[in-house]
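The lines below spell out each chain.
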Amino acid sequence: MVVLKKKVTLLRGISIIIGTIIGAGIFISPKGILQHTGSIGMSLTVWTACGILSLFGALCYAELGTCIKKSGGHYTYILEAFGPLPAFVRVWVELLVIRPAATAVISLAFGRYILEPFFIQCEIPDLAVKLVTATGITIVMVLNSMSVSWSARIQIFLTFCKLIAILIIIVPGVMQLIKGETQNFKDAFVGKDVSVMGLPLAFYSGMYAYAGWFYLNFVTEEVENPEKLGKTYAERLLGNFSLAVPIFVALSCFGSMNVEYPLTMVMLFTGDIYSLLNFLSFARWLFIGLAVVGLIYLRYKRPEMHRPFKVPIFIPALFSFTCLFMVTLSLYSDPINTGIGFAITLTGVPAYYLFVIWDKKPKWFRNFSDRVTMLLQILLEVVPAEKNVS
């Protein structure tokens, strides 16, 4: 019998959440939000709304994680509520879309920020960004392959770099507010008119920055008692010292570049940061919204289920409606990138019947399928709660 040991204490759980939320997203998202809202006031409104939605989502996942005590996160909850087909499609999309695209986004941010000090007076060539990014991804892959202990040490150092980059931006900003420097908030809503079609893309950028609150649910079985705007701002405020900001941001991104190497490299050279962000966000929030719909469904399907933590029903209702509405609207806002994400999602249905339902597979195909299954379990940290060992 193989089981997961309960090694994740409350403090470690909090550390996992903080470590995954505070990352490269905070340096990538502001430009995307401002670009699609058109004013400081509206962008701050979107930031606030995304923060509240993320809180609602975290509360929903707290209920799901305490009543379904299995690792696997979104996959497990969709499987429990709606069965194996949509759960398989969720894993399929995670492998082909979400993980490699998310790595490509972070990696492109690394490439751009590491080159910032060398292109102060001009625009950074896209090819240079992608070549440096590809080099960075390759280095990460080699480091992870050579030594787990060295990778862990480097990760600790890069975590400190991440925190330093954030503090360099936040602390001087708070000091300026204390001094009364609030002129940027005057006529805060003056700017280009807000387009409804731009809201889903602003939503994607905002939710990307807050993303990470759901990662603890991937290891529920191990939990004890589970009941560029930054650089522009720094230039104005910090002068020459602002050159340190892109370096620290680049190191922060470097620490998040864990790799699905082939797919990540393909996406790296076929998209930019924000097109890839829309591409992965469509699939991510579609299935997170579906998982929270599953919470509502399980309330009625299995009312007897033990729920140590229970949220008011309006919270999952509002969260899931917002996610699914924004996902649907984004098909009109960015039909190319979200449309590709939707098409790849649909390919999960025939893949399910090919890999799972078809029971007369030749031996070579069964061996290939078993390897794919093992890879998915490693990537998604899904291990059967009990397994008979012969």
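Naming follows an unreviewed UniProt entry, where the protein appears as Cystine/glutamate transporter of Eleutherodactylus coqui. As recorded by UniProt, the Subcellular location (unreviewed entry) comment attached to the protein reads in full: "Cell projection, Microvillus membrane". Recorded in UniProt for the protein, the comment headed Subunit (unreviewed entry) runs: "Disulfide-linked heterodimer with the amino acid transport protein SLC3A2/4F2hc; this interaction mediates cell membrane localization."

Chemist: What exactly am I supposed to notice about the nonpolar core here?
Modeler: Side chains of nonpolar character tend, in soluble globular proteins, to be buried together. The biggest cluster of nonpolar side chains holds 71 residues, and the ones touching the most others in it are Tyr61, Phe203, Trp285 and Phe319. Counting residues per element, this core draws most heavily on helix α12 (residues 273–301), at 15 residues. One finds Phe88, Trp92, Ala351 and Phe355 within the second-largest nonpolar core, a separate group that totals six residues.

Chemist: Explain the pattern of salt bridges to me, please; I cannot follow it from the model alone.
Modeler: Once their charged atoms are close, side chains differing in charge can pair, the charge on each being opposite to the other. Enumeration according to the criterion identifies eight salt bridges in this entry. Here glutamate 80 and lysine 70 are joined by a salt bridge, their closest N and O atoms 3.6 Å apart. Linking glutamate 80 in helix α4 (residues 74–82) with lysine 70 in the loop between α3 (40–67) and α4, this pair joins segments that are ten residues apart in sequence. Judged by its relative accessible area of 41%, lysine 70 falls in the partly exposed class. Members of the salt-bridge network, linked through shared partners, are Glu63, Arg299 and Arg307.

Chemist: What should I look at first to understand the packing of α12 against helix α14 (residues 335–346) in this one?
Modeler: Geometry of a packed helix pair, given as the angle between the helix axes and the separation of the axes. Where α12 contacts α14, the axes come no closer than 8 Å and their chain directions differ by 45°. Considering their axes alone, α12 and α14 lie oblique with respect to each other. In this structure, α12 crosses over α14, and the sense of that crossing is right-handed. Contacts between α12 and α14 pair Ser275, Asn278, Phe279, Phe282, Leu286 and Phe287 from the former with Asn337, Thr338, Ile340, Gly341, Phe342, Ile344 and Thr345 from the latter. Of the residues contributing to the contact of α12 with α14, the split by class is seven nonpolar, six polar and no charged.

Chemist: Please explain helix α5 (residues 84–115) as it appears in this structure.
Modeler: The α-helix winds at 3.6 residues per turn, so residues separated by three or four positions along the chain end up facing the same way. In a regular helix each residue adds 1.5 Å, so 32 residues correspond to 46 Å; α5 covers 45 Å between its end C-alpha atoms and thus fits that length. Along α5, the sharpest kink reaches roughly 50°, centred on glutamate 94. Most of α5 sits out of view: 27 of its 32 residues are buried.

Chemist: I'm lost on the state of the cysteines in this one. Help?
Modeler: Where two cysteines share a covalent bond between their sulfur atoms, that bond is called a disulfide. Within the structure shown, the criterion is met by zero disulfides. Considering cysteine sulfurs only, cysteine 60 is the nearest to cysteine 323, which forms no disulfide, with 9.2 Å between them.

Chemist: Is there a simple way to explain the confidence of the model for the protein in this structure?
Modeler: Any segment with low pLDDT has predicted coordinates that should not be analysed in fine detail. Averaged over every residue, the pLDDT of the protein is 78; the share at 70 or more is 74%. Here helix α10 (residues 244–254) stands out as the least confident element of the protein, with mean pLDDT 48; helix α13 (residues 314–333) is the most confident, with 94. Note that pLDDT drops below 50 for residues 383–390; the model gives that stretch 13 contacts with residues more than four away or on any other chain.

Chemist: In this structure, what is going on with a nonpolar patch on the surface? I would like to understand it.
Modeler: Among the surface-exposed residues, Leu34, Ile40, Leu44, Leu177 and Phe185 lie close enough to one another that they form a single nonpolar patch of about 400 Å² accessible area. Relative to the elements of secondary structure, phenylalanine 185 occurs in the loop between α7 (148–178) and α8 (199–210). Judged by its relative accessible area of 45%, phenylalanine 185 is partly exposed.

What counts, and where the lines are drawn
Residues numbered from 1 in each chain as written. Predicted model: local features only at pLDDT ≥ 70, side-chain atom pairs only at ≥ 80, totals over all residues. Heavy atoms only, no water. UniProt positions renumbered as here; feature names shortened; annotations may be inferred. Core = buried A, V, L, I, M, F, W, Y, C linked by side-chain atoms within 4.5 Å. Buried < 20%, exposed > 50% of the residue type's maximum accessible area, 1.4 Å probe, protein only. Helix = DSSP H or I, 4+ residues; strand = E, 2+ residues; numbered from the N terminus. Salt bridge = Lys/Arg side-chain N within 4 Å of Asp/Glu carboxyl O. Axes fitted to C-alpha atoms, helices over the stretch in contact; angles between N-to-C directions. Parallel < 35°, antiparallel > 145°, perpendicular 65-115°, else oblique. Left-handed = near helix turned anticlockwise from the far one by under 90°. Contact = heavy atoms within 4.5 Å. Nonpolar A, V, L, I, M, F, W, Y, C, P; charged D, E, K, R; others polar. Expected span 1.5 Å × (residues − 1). Bend = angle between axes of the 7 residues up to and from the residue. Disulfide = S-S within 2.5 Å. pLDDT = per-residue confidence, 0-100. Patch = residues over 30% accessible without salt bridge, like charges linked within 9 Å, V, L, I, M, F, W, Y side chains within 5 Å. Areas by Shrake-Rupley, 256 points an atom, 1.4 Å probe, with all protein chains shown as cover.

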